[in-house]
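Given next are the chains, with one letter for each unit.
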Amino acid sequence: MKSASGLKSTLAEARRILVIGCPGSGKSSLAKRLSRALDLDYISMDCDFYWLPGWRKRPRDEIDRLIAKAVAGERWIMDGTGLSSFHLRLPRADAVIWLRPSRYACLYGIVSRAFRYFGRNRPELPAGCPERLSLSALAYIWNFERDAVPLIETALRDYGLANSTVVIRSREAARRLAAPSI
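Below is a short write-up of the structure. (Residues numbered from 1 in each chain as written. Predicted model: local features only at pLDDT ≥ 70, side-chain atom pairs only at ≥ 80, totals over all residues. Heavy atoms only, no water.)

### Side note on the pattern of salt bridges
Part 1 of the reasoning: Scanning all chains against the criterion turns up 15 salt bridges.
Part 2 of the reasoning: R16 is the partner of E74 in a salt bridge, and the nearest nitrogen-oxygen pair spans 3.4 Å. You can see E74 sitting in the loop between α4 (60-71) and β6 (76-79) and its partner R16 sitting in strand β2 (residues 16-21), a full 58 residues away along the chain.
Part 3 of the reasoning: You can call E74 partly exposed: its relative accessible area is 46%.
Part 4 of the reasoning: For R16, a relative accessible area of 7% corresponds to the buried category.
Part 5 of the reasoning: K32 is the partner of E124 in a salt bridge, and the nearest nitrogen-oxygen pair spans 2.9 Å. (Salt bridge = Lys/Arg side-chain N within 4 Å of Asp/Glu carboxyl O. Helix = DSSP H or I, 4+ residues; strand = E, 2+ residues; numbered from the N terminus. Buried < 20%, exposed > 50% of the residue type's maximum accessible area, 1.4 Å probe, protein only.)

### Comments concerning the side chain of S85
Part 1 of the reasoning: The topology assignment puts S85 in the loop between β6 and α5 (86-89).
Part 2 of the reasoning: Beyond its immediate sequence surroundings of up to four residues, S85 is in contact with M45, Y50, R60 and I67. (Contact = heavy atoms within 4.5 Å.)

### What about the layout of surface pockets?
Part 1 of the reasoning: Its boundaries defined by the atoms lining it, the largest pocket holds a volume of some 1300 Å³.
Part 2 of the reasoning: Around the largest pocket, the lining is made up of 49 residues, and of these P23, K27, D46, R113 and R122 lie nearest the centre.
Part 3 of the reasoning: At the level of elements, α2 (27-38), α3 (45-50), α6 (103-116), α7 (135-142) and α10 (171-177) are the ones that each hand at least two residues to the lining of the largest pocket.
Part 4 of the reasoning: Classifying every residue of the lining of the largest pocket by side-chain character gives 19 nonpolar, 15 polar and 15 charged. (1 Å grid on protein atoms, 1.4 Å probe; cavity = no way out; pocket = protein on both sides within 12 Å on 5 of 7 lines; lining within 4 Å. Points joined across faces, edges and corners; volume = space filled by probe spheres on them. Nonpolar A, V, L, I, M, F, W, Y, C, P; charged D, E, K, R; others polar.)

### Section: empty space enclosed by the protein
Part 1 of the reasoning: All chains considered together, the criterion is met by 1 cavity of 30 Å³ or more.
Part 2 of the reasoning: Roughly 70 Å³ of internal volume is contained in the largest cavity.
Part 3 of the reasoning: In this structure, the largest cavity is lined by C22, L99, R100, P101, S102, R103, C106, I141, W142, F144 and E145.
Part 4 of the reasoning: Mapped onto the lining of the largest cavity, the elements with two or more residues apiece are α6, α7 and α8 (144-147).

### Focus on the environment of K57
Part 1 of the reasoning: Considering the arrangement of structural elements, one finds K57 in strand β5 (residues 56-57).
Part 2 of the reasoning: C-alpha separation for the pair K57 and D46, spaced 11 residues apart in sequence, amounts to 9.6 Å.
Part 3 of the reasoning: Each residue touching K57, except ones within four places of it in the same chain, is listed here: Y50, W51 and I63.

### Regarding the pairing of β6
Moving residue by residue along a regular strand, the side chains alternate between the two faces of the sheet.
Part 1 of the reasoning: Residues of β6 alternate between two faces, with W76 and M78 on one and I77 and D79 on the opposite face, all of them buried.
Part 2 of the reasoning: Bridge count between β2 and β6: 4 bridges; the pairing is parallel. Paired with L18 across the bridge in β6 is M78.
Part 3 of the reasoning: For strand β3 (residues 41-44) and β6, the ladder comprises 4 bridges, and the chain directions are parallel. Paired with S44 across the strands is D79, a residue of β6. (Pairing = 2+ DSSP bridges.)

Below you can see the structure in the form of structure tokens.
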């Protein structure tokens, strides 16, 4: 896995990029900025695939069908970890950006987002999904390194993306990566 330094040219050449990481790590913010900088279609796992208004989750077969259709496109950047759909997304990705700040930074990110959008929709969610914060979300973040990271590392190796994965460990590094000089 690569560090963020010196990789702007690699990302500028990529046509299909996945931005993955723990909730609250800044995936959507980074993906939107890179979408504009690299002129790639922005795809949100939460808005485009998972959630329907009123926090109703789409059926799994419909999610997979929508993802398969989206990744067939030639130029996109997609945010969202979604381990259950890696088998659809990883084979089509040219590059993966893995946001890996500390659990405390992710907890801060999700709590500050909850206050910022309290009772309102975030842009990356469908209408009728006001921001909320739950103990289960906080527990998922707390245990992300233990529970999700080994699965992500295995998937990246299995799909041959371990060497083209950019690992970013801070919000500042993510901001530098998405700076206009791309």
